[in-house]
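For reference, the chains in residue letters:
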Amino acid sequence: MNITGIDNDYLKISNSKLISGRMPQTSNEIVAEKWVLQNLGLEGEVGEKISLDLNEKKKKETFTVVGIITDRVYEKSTAIMEALTKVNSNQSVELYVKVNENTKEGINSTINNIIQKNKIKKEDVSKNTMLINSIAKSEKYDSKLLILFFIMIVFLIFIVYSIYNISMIQRLSEYGMLRAIGGNKSQIFKLTFYELLILSVISLPLGILIGVIGAKTIGVYACRIISEGIFMSSDIVISKGSVIASLISIILMIIILCIVVSKKITKIPIIVAINKNRGENKIKNSIFNLKSDKNIAIEKIIAINNILVNKKTFIVTVISIALGGTMFILSNFTMILKNEDEKTLLAVNTNLNSDFKIEQQSVDYSKGISNDELEEIERIEGIKSVEPYKVNYVSIYDIPKDKITVPEYFDFVNEYAFYKTFGGVSKEDNDGKYSIKGSFYGYKDKTLKELNDFLIEGRIDVKSLNNGDNVILKIPKEGSGHKVVDINVGDKIKIKIPKNMLSSEESIKFPSNIDYIEKELTVSVIVSRGYNQNVYFPDDSIDVIVSDKIFSEITGVDKYKFVNINCNKDANIKNIEDELYKIIKDNLGCNLRNLSKEIKNSQKNILYKNMILNGMTLILLIMSSFNIFNNISYNLISRKSEFDTLKAIGLSNKKLKNMIIYEGLVYSIVSSILVVLLSLVGQYLLYYKYFKKILISPTWFINWKLYIAVVIVSIVIGILSTYIPFRIIRNDKK
């Protein structure tokens, strides 16, 4: 346990707050989380006293609990026991400094400038490398976001174009009269440009207002869920860059639309435009060049011929409709994969993967939870499962240099301040070969089988893992999905473990002056993840996993370092907690954490994030539906003169209606086929070129129910979108 001197700002940084009592005012007063005090044998109430043996102190010191703070999720889940007292201004202190991220020179340059100006030694500074690299990366343009932005712009242009086209057709005679009195292509371009510009001037501030309101309400709520409550509403700002990018995008969109629309208008003869007879030539082709078939109704023949004559319009409309459906299906595919990945992370992450967690924190790795204690735990009413783990730390040595496929990965990990304290994760030995430190685990048979979810190479055979020298190797993958070392199934590895089983900063450096247990083992399986994590090597290095039996044979240790305990849904959590405390109270160094509340909150967060993502996909579906409706409506309204001609030569309203509905069906069916094809290709590319490399254990799937639903919705909207245009055409007497 640590006694940490703090000021009042420390709680803000650690995302906690005082819930009872007050902050410490002297060095013998402390505040702490209730679970920490309970693991020290207290009730967790203000006013209690505790005597502690402190390092480098000759006698025990007594502290008074003056305040209780809220549980900090990370500290509780990783068993960091910390009591907070008033900082001693006469002693040297460690400072946690938050740097302004919005400087012109960038986050790394800002930190270096602070170090230089204040004449701070570089070795006295520990950087949060992961956070800094994340911020530095966010300062650059993300190519994936740019591609997504471009796709969205193209989709938006299609929608705006389809809407504006209907307006253009309705005012075609006005454009015809304008050209009749001398209006040229340039003037029509300016007219449409000013119209769209005025609409944009009105819509842009409205869009910014809606965006800000959404960010301040839904956005803040979503970010708080994603960041476990750390996100503050004051972080919401209107980015000048995003506003400028929006303006440029809108202007470009307007120019493109104006060029297309003005070109289309000037191609139509003036008389035809004034009379709204835009499709006169195509009417002749579609009506008088029919190939009749006695088995097909005349209105269907006319509809098919019209589609064949208007190939260009048909193709553009179908692609426009298909884009919306494809984006909806792909966004759903992405959401499900990421959701499953989050659930898997929750399952494999030490932080939050069981209702209760018992951990033996002694520096002596031979100590732990005994089999007798495990049996007592299993007998507690309401316990669903008990999963114990044996743990130690290990060095894999004699690794040839050419086997280190991604040296940059280890250079990056070695820079972590935590790993620096014991000489980094990897190093080059005197003989030119490499050694890599990691965790050494002993798993029960059931847990070994569960590693199939993270399989990279080989086959998990529990029987062979319990006999002989076969081991499982957990090897991290770098960003592109490749293993960071070129060790394969069938390769031999050499490992060594300190014989005395005592962990210290010195022993974890694996010095040459201590005795080791050394073994040569055969790699039979390679996985990308493992369950539970050693305190020294959380998740960044190579781990060696053996069966529970083999672990004991190699180390001589038969006790467990960690025990994960899950409860039945209707279990009495408080009663189970009390019983667990009774079992471990005499096991010096053991602590118990009740994580059931944090587990439920994490599951709620996943649920809420799904609701937000589902809302986003629903918006895409609405946009897609709106696009289908507008495109089909536009294609029908723009051909009013053609329909008038058909009625003049004897086509009844009923047959005209059937013809229009049939055309809508053809558009919907063809676009639905295209949606299915594009979505399948899109899913394949997303899965194999992207997600398979970055997610833990993604599973390929095709949600045929969603595909069928999108097809049905497309057909229904296709039919409905013909009704309003038909009524307009039928009732228009002009």
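Everything quoted here is computed from the prediction, not taken from an experiment. (Residues numbered from 1 in each chain as written. Predicted model: local features only at pLDDT ≥ 70, side-chain atom pairs only at ≥ 80, totals over all residues. Heavy atoms only, no water.)

Novice: Quick rundown of the overall build of the chain? Include the residues and the values.
Specialist: When helices and strands are tallied, the chain shows 24 helices and 17 strands. In the chain, 80% of the contacts between residues at least 6 apart in sequence involve partners at least 24 apart. When the accessible surface of the chain is totalled, it reaches about 39600 Å², and 57% of it is carbon and sulfur. (Helix = DSSP H or I, 4+ residues; strand = E, 2+ residues; numbered from the N terminus. Contact = heavy atoms within 4.5 Å. Areas by Shrake-Rupley, 256 points an atom, 1.4 Å probe, with all protein chains shown as cover.)

Novice: Explain the confidence of the model for the chain to me, using residue names and the numbers behind them.
Specialist: For the chain, the mean per-residue pLDDT works out to 79, and 80% of the residues sit at or above 70. Within the model, the stretch residues 225-234 combines pLDDT values under 50 with 17 contacts to residues more than four positions away or in other chains. Long-range and interchain partners of residues 279-290, a stretch whose pLDDT sits below 50, account for 22 contacts in this model, where long-range means more than four residues apart. (pLDDT = per-residue confidence, 0-100.)

Novice: Pulling in residues and values, what's your account of a nonpolar patch on the surface?
Specialist: On the surface, Y194, L197, I198, V201 and I202 cluster together into a nonpolar patch covering about 500 Å² of accessible area. Relative to the elements of secondary structure, I202 occurs in helix α8 (residues 185-226). (Patch = residues over 30% accessible without salt bridge, like charges linked within 9 Å, V, L, I, M, F, W, Y side chains within 5 Å. Salt bridge = Lys/Arg side-chain N within 4 Å of Asp/Glu carboxyl O.)

Novice: Any details on the pairing of strand β15 (residues 543-547)? Residues and values, ideally.
Specialist: Among the 5 residues that make up β15, 5 are buried, leaving the element largely enclosed by the rest of the structure. Note: strand β10 (residues 434-443) against β15, 4 bridges, orientation parallel. Note on β15: the bridge partner recorded for Y441 is I545. (Buried < 20%, exposed > 50% of the residue type's maximum accessible area, 1.4 Å probe, protein only. Pairing = 2+ DSSP bridges.)

Novice: Residue-level account of the nonpolar core, with values.
Specialist: The tendency in soluble globular proteins is for nonpolar side chains to be buried as a group. Membership of the largest hydrophobic core comes to 57 residues, with the highest contact counts inside it found for F440, L451, L473, V485, I493, I495 and V544. Sorting the residues of this core by element identifies β8 (383-399), α15 (407-414), β10, β12 (470-474), β13 (492-498), β14 (516-527), β15 and α19 (548-555) as the ones contributing at least two each. Broken down by element, this core gets its largest block of residues, 7 residues, from β14. Core analysis: the second largest hydrophobic core is formed by 20 residues, F356, V563, I565 and I584 among them. (Core = buried A, V, L, I, M, F, W, Y, C linked by side-chain atoms within 4.5 Å.)

Novice: Tell me about a negative patch on the surface, and name the residues and values.
Specialist: Judged by side-chain charge, D372, E375, E376 and E378 come together as a negatively charged surface patch. Tracing the chain through its elements places D372 in helix α14 (residues 371-378). (Lys, Arg positive; Asp, Glu negative; His and termini not counted. Charge placed at Lys NZ, Arg CZ, Asp CG, Glu CD.)

Novice: Describe in detail the packing of helix α22 (residues 640-648) against helix α23 (residues 653-694), supporting the description with residues and values.
Specialist: Where α22 meets α23, the axes come as close as 10 Å, and the angle between the chain directions of the two elements is 140°. As far as their axial angle goes, α23 and α22 are oblique. Classified by chirality, the crossing of α23 by α22 is right-handed. Contact residues: α22 offers F643, L646 and K647, while α23 offers N653, L656, M659 and I660. Across the contact of α22 with α23, the residue classes tally to 5 nonpolar, 1 polar and 1 charged. (Axes fitted to C-alpha atoms, helices over the stretch in contact; angles between N-to-C directions. Parallel < 35°, antiparallel > 145°, perpendicular 65-115°, else oblique. Left-handed = near helix turned anticlockwise from the far one by under 90°. Nonpolar A, V, L, I, M, F, W, Y, C, P; charged D, E, K, R; others polar.)

Novice: Outline α19, listing residues and values.
Specialist: Quick reminder: α-helices carry 3.6 residues per turn. Residues three or four places apart thus point the same way. Among the 8 residues in α19, 6 count as buried, and that is most of the element. Within α19, burial applies to D548, I550, F551, S552, I554 and T555. Looking one or two residues beyond α19, the residue adopting positive phi is G556, at roughly 80°.

Novice: Tell me about unusual backbone geometry, residues and numbers included.
Specialist: A positive phi is found at D398, a non-glycine position, where the angle reads about 60°. What makes D398 partly exposed here is its relative accessible area of 25%. Positive phi is not limited to glycine here, since F510 has a value of about 55°. Looking at where F510 falls in the secondary structure, it is placed in the loop between β13 and β14. On the accessibility criterion, F510 (6% relative accessible area) is buried.

Novice: Outline the environment of V93, supporting the account with residue identities and numerical values.
Specialist: Its place among the elements puts V93 in the loop between β6 (82-86) and α4 (107-117). Once the C-alpha coordinates of V93 and G5 are considered, the two residues, 88 residues apart in sequence, prove to be 8.4 Å apart. Apart from residues no more than four positions distant in its own chain, V93 is found in contact with V87 and N88.

Novice: Describe the packing of aromatic side chains, listing the residues and the values that go with them.
Specialist: If you walk through the whole model with that rule in mind, you get 17 aromatic pairs. Ring centres 5.5 Å apart and planes at 85° place the aromatic pair Y365 and Y393 in the edge-to-face group. A residue pair is termed long-range when its members are at least 10 positions apart, and Y365 in the loop between β7 (356-360) and α14 and Y393 in strand β8 qualify at 28 residues. On the basis of relative accessibility, which here comes to 5%, the residue Y365 falls in the buried class. (Phe/Tyr/Trp six-rings, centres within 6.5 Å; stacked < 30°, edge-to-face > 60°.)

Novice: Quick rundown of α23? Include the residues and the values.
Specialist: Taking 1.5 Å as the rise per residue, α23 with 42 residues should run 62 Å; its terminal C-alpha atoms sit 58 Å apart, in good agreement. The largest bend in α23 is about 40°, located at Y687. (Expected span 1.5 Å × (residues − 1). Bend = angle between axes of the 7 residues up to and from the residue.)

Novice: Can you break down the pattern of salt bridges residue by residue, with the values?
Specialist: If you walk through the whole model with that rule in mind, you get 17 salt bridges. The partner of D71 in a salt bridge is K76, and the shortest N-O contact between them spans 3.1 Å. For K76, a relative accessible area of 6% corresponds to the buried category. Salt-bridge contacts for E457 lead to K483; the nearest nitrogen and oxygen are separated by 2.7 Å. One end of the pair, E457, is in strand β11 (residues 455-458); the other, K483, is in the loop between β12 and β13, and 26 residues separate them in sequence. E457 gets classed as partly exposed once you look at its relative accessible area, which sits at 22%. Looking at K483, the relative accessible area reads 14%, which means it is buried. Bridged by salt links that share partners, the residues E33, R72 and E82 form one connected network.

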